[in-house]
Amino acid sequence: MLALAIPANVLAQQPLKANVIHWWTSGGESAAVRQFADAYNKAGGLWVDNAIAGADQARATTINRIVGGTAPVAAQFNTSKQFRDIVEQGMLNNVDDVAAQGKWDQVLPQPILDAIRINGHYYAAPVNIHMPGWFFYSKPAFKKAGIAAEPQNWEEFIAALGKLKSAGLVPLAFGGQVWQEKITFDAVFAVVGGRDLYLKVYRDHDQAAIKSDAFKQVLVQFKRLRGFVDAGSPGRNWNDATAMVVSGKAGVQIMGDWAKGEFAAANLVAGKDYGCFPGFGPKSPYMVAGDAFVFPKSNKADVVKAQKLLASVVTAPASQVAFSARKGSIPARLDIDGAGLDQCAQLGLSIIKDKSRQLPNPEMLVPPDQNGALQDVLTNFWNRNQAAEDAQKAFAAALKG
């Protein structure tokens, strides 16, 4: 048979195929990422979904495929230092022109810019902001325990946990896994230690700050929570802990705003069936985390075009709102009207616009290996009868150098 030549104008009309690696595999996450896929397809692309369960596994697959010469067009990473090494090794394309056209330097919070802009170039397209330290509570549980209002400071919060315990409820729904212990500690650190101490420790690695009495008190207050979790907490998945609050069996969970997906799946409404607050008082720090797509190195014109189109689509206002409405996050852009988002998200959007409350999450400030070492320190402190002073010394050692 004779091969038929395909006219150049037909080839030009072929959609820009984008094989995209991500770890959004739960029901709510799948619905969220579908918003990006649909928007990309409508923009003239062809989204090829490559969902891989587990963040570590997905990132490892991405790096292995880059090294092996079968790189995807785009891949999910957290908005953190996770991809800095592969930037320095020349493994990623930048999307500077997309950033310039979208005026990212004007519409993104500084912690996000600091994470994605490396040596003056934009190496990731941020899709959302997650705040990992929200306090979610069951309104029926609070009512049963006689708690009339949200606590306004740390001691009021501890008192509320005590009332929940006296009412026969599990005060704090907790999953005893290292990453959950770490984000719970960071939430305590932000509200008890405050912004300045937090930055001195995580950003500056200030040994004097780590060895201070103020930081010791952060550890002490973190450990106080141990008395308010149930015996089944070790090894529990985060969503199973959320289910305890959903059912009213437990009063409070400290978790990222992705937990809202579990409340939504149970048809619970923020402000009516459950409450949320990101800290105590009108000036409490708001930790900034989130997700982004990076773009593996390629010189192929169609791949580069696909990467730029994808970066434009996932950072467009409509795409970000549609994604966050299903993911539980808020858009990464500050110029978005979030009127259609839930009460917690609207609160988050109003807070994030106050630059004085924006606080980079630790993974934006600490390399992955040191973050892992800190997780080991905190899980050891949480699960063993260790003095706060000893944990303090171990924390200082992990951040040294």
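Residues numbered from 1 in each chain as written. Predicted model: local features only at pLDDT ≥ 70, side-chain atom pairs only at ≥ 80, totals over all residues. Heavy atoms only, no water.

Asks: Pulling in residues and values, what's your account of the overall build of the protein chain?
Replies: Across its full length, the protein chain carries 21 helices and 13 strands. Relative to a compact globule of 401 residues, whose C-alpha radius of gyration would be 21 Å, the protein chain shows 22 Å and is just as compact. The C-alpha extent of the protein chain, read off along each of the three principal axes, is 80 × 50 × 40 Å. Evaluated residue by residue, the protein chain yields a buried proportion of 52% over its 401 residues. Residue pairs in contact within the protein chain that sit at least 24 positions apart in sequence constitute 76% of those at least 6 positions apart. Of the roughly 17,000 Å² of accessible surface on the protein chain, 51% is carried by carbon and sulfur atoms. Treating the 41 positive side-chain charges of the protein chain as one cloud and the 35 negative ones as another, the clouds have centres 2 Å apart. (Helix = DSSP H or I, 4+ residues; strand = E, 2+ residues; numbered from the N terminus. Rg over C-alpha atoms; globule rule 2.2 N^0.38 Å. Buried < 20%, exposed > 50% of the residue type's maximum accessible area, 1.4 Å probe, protein only. Contact = heavy atoms within 4.5 Å. Areas by Shrake-Rupley, 256 points an atom, 1.4 Å probe, with all protein chains shown as cover. Lys, Arg positive; Asp, Glu negative; His and termini not counted. Charge placed at Lys NZ, Arg CZ, Asp CG, Glu CD.)

Asks: Mind laying out the packing of helix H10 (residues 178-193) against helix H11 (residues 195-202), listing which residues take part and the relevant values?
Replies: Axis separation between H10 and H11 bottoms out at 7 Å; the angle between their running directions is 130°. In terms of axis orientation, H10 runs oblique to H11. Here Lys 182, Phe 185, Asp 186, Phe 189, Ala 190 and Gly 193 of H10 come into contact with H11, specifically with Arg 195, Leu 197, Tyr 198, Val 201 and Tyr 202. Class assignment of the residues belonging to the contact of H10 with H11 gives a composition of 7 nonpolar, 1 polar and 3 charged. (Axes fitted to C-alpha atoms, helices over the stretch in contact; angles between N-to-C directions. Parallel < 35°, antiparallel > 145°, perpendicular 65-115°, else oblique. Nonpolar A, V, L, I, M, F, W, Y, C, P; charged D, E, K, R; others polar.)

Asks: Describe empty space enclosed by the protein, listing the residues and the values that go with them.
Replies: Under the defined criterion, the tally for this structure stands at 1 cavity of 30 Å³ or more. The wall of the largest cavity is formed by Leu 172, Ala 173, Phe 174, Gly 175, Gln 180, Thr 184, Ala 241, Gln 253, Ile 254 and Met 255. Mapped by element, the contributors of at least two residues to the lining of the largest cavity are H10 and strand E9 (250-255). Per element, the largest residue contribution to the lining of the largest cavity is 3 residues, and it comes from E9. Of the residues that constitute the lining of the largest cavity, the class distribution is 6 nonpolar, 4 polar and no charged. (1 Å grid on protein atoms, 1.4 Å probe; cavity = no way out; pocket = protein on both sides within 12 Å on 5 of 7 lines; lining within 4 Å. Points joined across faces, edges and corners; volume = space filled by probe spheres on them.)

Asks: Let's hear about unusual backbone geometry: which residues, and what values?
Replies: Both trends apply: most residues other than glycine have a negative phi, and most peptide bonds are in trans. Even without glycine at this site, Lys 103 takes up a positive phi of about 55°. One can find Lys 103 in the loop between helix H5 (96-101) and helix H6 (104-107). Residue class for Lys 103 comes out partly exposed when judged on its relative accessible area of 46%. At Asn 119, a residue that is not glycine, the phi angle is positive and equals roughly 55°. Within the secondary structure layout, Asn 119 lies in the loop between strand E4 (117-118) and strand E5 (121-122). Taking the relative accessible area as the measure of exposure, Asn 119 reaches 71% and is therefore exposed.

Structural measurements only, silent on function.
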